[in-house]
Amino acid sequence: MRTSPAGRLLLTCICSFVFPLFLLPILEYNSEHDEMKFDFHDRRNMELIFIGGMHRSGTTLMRTMLDAHDDIRCGPEIAVITDVLFLREEISNDPVIASYLSNIDVYPEITDNAVAQFILEVIIRHGPPAIRYCNKDPFQMKYSKYLHNLFPNAKFVLMIRDGRAMTHSIISRKLKIWKYNIDSYRETLSIWNENIEIMYKQCIELGDKTCLLVHYEQLILQPVSTTKKLFKFMGIPWSSAVLHHEKYTNESDFSTAEVSTDQVSKPLYLAGLTQWFGNIPEDVEKDMMKIAPMLSVLGYNPEDKTPNYGEPDEFVKAKVIVFLFLLFSLYIHFCIIPIFLVSILKKSSSFFSPV
């Protein structure tokens, strides 16, 4: 959709005057902090990690798991990067603005340099120094090819989840985020299908050495093998700390843009895999192949209403056993023991009561 004349003027003003200003704090910052002094080209060649995918697909869980690693710092979600990427795409899609900026030698090289430096400043400066930096923002994966042009050594992690589970999660929790219609499974699934297709195609075009598909279900059920594969892809030594991410998080570690804080602050959340079973409207289930053809592309069976996502690994099984043991202990403590004590007290009172 073409922008209005007023919109074009606004974009032109932003590109001509605001983007160059992004470079000023960079120069000042590098002169004050020795540990952050990067040559311009070195900064662009940093091995950044970008995590994205549709909402409710495990992006927050993934970034908290990476944050548990000593060498990686992701930090809370900062949606401003996606806003800038959207603006940059609007410029390239509008021939009037693109032509004007090109004629004054601002587009594309200077504009792209400014965008890259802005992204780097946001990622690097919104938390403590780290060996590897990552940024989590669901929709940045819609711009993964452009991001790869800016940062050729970056790695991209695309989180994949069954669209039916994602849709039910949004609707059942009444999450008013982005364009989702929390009153319609059909519309929300259609939005999921349209956007995950864009992300998936770009990831495939980047290649498996640059972009890795991670299925949420595999991360939950087989976290050991899934995270080891992920860290091999990123070229970072694996650490068992990523399996215990809940020990390294607290409420201050999340932003208002992250709505999964009640789940990722706990051990791996198994219940979310099957909560959608039996909750999809019949008319939507009948049209599932038409509404969400990407389900098949991503390895899900749109006709299976209760899919089996796989068997849990030994780590997850051990976690489940410990959880069941704790439940049993609580049951004994709060149910059986009180009943036993009450019965003893009744017998004692009857024994000592006068005849």
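Residues numbered from 1 in each chain as written. Predicted model: local features only at pLDDT ≥ 70, side-chain atom pairs only at ≥ 80, totals over all residues. Heavy atoms only, no water.

Q: Would you explain the pattern of salt bridges in this entry?
A: Using the criterion set out here, one finds 13 salt bridges in the structure. Between Asp-287 and Arg-186 there is a salt bridge, with its nearest N and O atoms 3.1 Å apart. Placement of Asp-287 in the loop between helix H14 (282-286) and helix H15 (288-291) and of Arg-186 in helix H10 (residues 185-206) is noted, with a sequence separation of 101 residues between them. Residue Lys-201 is joined to Glu-197 by a salt bridge in which the shortest nitrogen-to-oxygen separation is 3.1 Å. Placement of both Lys-201 and Glu-197 in helix H10 is noted, with a separation of 4 residues, approximately one turn of the helix. Accessibility expressed as a relative area gives 28% for Glu-197, which makes it partly exposed. The network of salt bridges with shared partners includes Arg-43, Glu-121 and Arg-125. (Salt bridge = Lys/Arg side-chain N within 4 Å of Asp/Glu carboxyl O. Helix = DSSP H or I, 4+ residues; strand = E, 2+ residues; numbered from the N terminus. Buried < 20%, exposed > 50% of the residue type's maximum accessible area, 1.4 Å probe, protein only.)

Q: Just checking my understanding: could you explain the packing of aromatic side chains for this structure?
A: Working definition: an aromatic ring pair is given by the centre-to-centre distance plus the angle between the planes. Overall, the coordinates contain 4 aromatic pairs when judged by the stated rule. Ring centres 5.3 Å apart and planes at 15° place the aromatic pair Phe-50 and Phe-156 in the stacked group. Of this pair, Phe-50 sits in strand S1 (residues 49-53) while Phe-156 sits in strand S4 (residues 155-160), and the two are 106 residues apart along the sequence. Residue classification places Phe-50 among the buried residues on the basis of a relative accessible area of 0%. By relative accessible area, which is 0% here, Phe-156 ends up buried. Ring centres 6.3 Å apart and planes at 80° place the aromatic pair Tyr-300 and Tyr-309 in the edge-to-face group. Judged by relative accessible area, Tyr-300 falls into the buried class, the value being 8%. (Phe/Tyr/Trp six-rings, centres within 6.5 Å; stacked < 30°, edge-to-face > 60°.)

Q: Would you mind showing me how to read the pairing of S4 here?
A: In terms of burial, S4 is largely enclosed, as 6 of its 6 residues are buried. With burial as the criterion, each face of S4 is covered, one bearing Lys-155, Val-157 and Met-159 and the other bearing Phe-156, Leu-158 and Ile-160. Relative to S4, S1 is paired through 5 bridges, and the arrangement is parallel. Across the sheet, the residue bridging to Ile-51 is Val-157, located in S4. Pairing between S4 and strand S5 (residues 211-215): 5 bridges, direction parallel. (Pairing = 2+ DSSP bridges.)

Q: Help me understand the state of the cysteines in this model?
A: Among covalent bonds in proteins, the disulfide is the one between the sulfur atoms of two cysteines. Within the structure shown, the criterion is met by 2 disulfides. Between Cys-74 and Cys-134 runs a disulfide, and the two sulfur atoms are separated by 1.6 Å. An S-S torsion of about 135° defines the bridge between Cys-74 and Cys-134 as right-handed. Here Cys-74 is found in the loop between strand S2 (72-73) and helix H5 (80-93), whereas its partner Cys-134 is found in strand S3 (residues 132-136), with 60 residues between them in sequence. Bridging Cys-203 to Cys-211, the disulfide has an S-S length of 2.0 Å. Handedness here is read from the sign of the S-S torsion; for Cys-203 and Cys-211, about -105°, the answer is left-handed. Per residue, the accessibility class of Cys-203 equals that of Cys-211, and both read buried. Each disulfide in the chain links cysteines that, numbered along the sequence, combine into the pattern 1-2, 3-4. (Disulfide = S-S within 2.5 Å.)

That is the geometry; function is a separate question.
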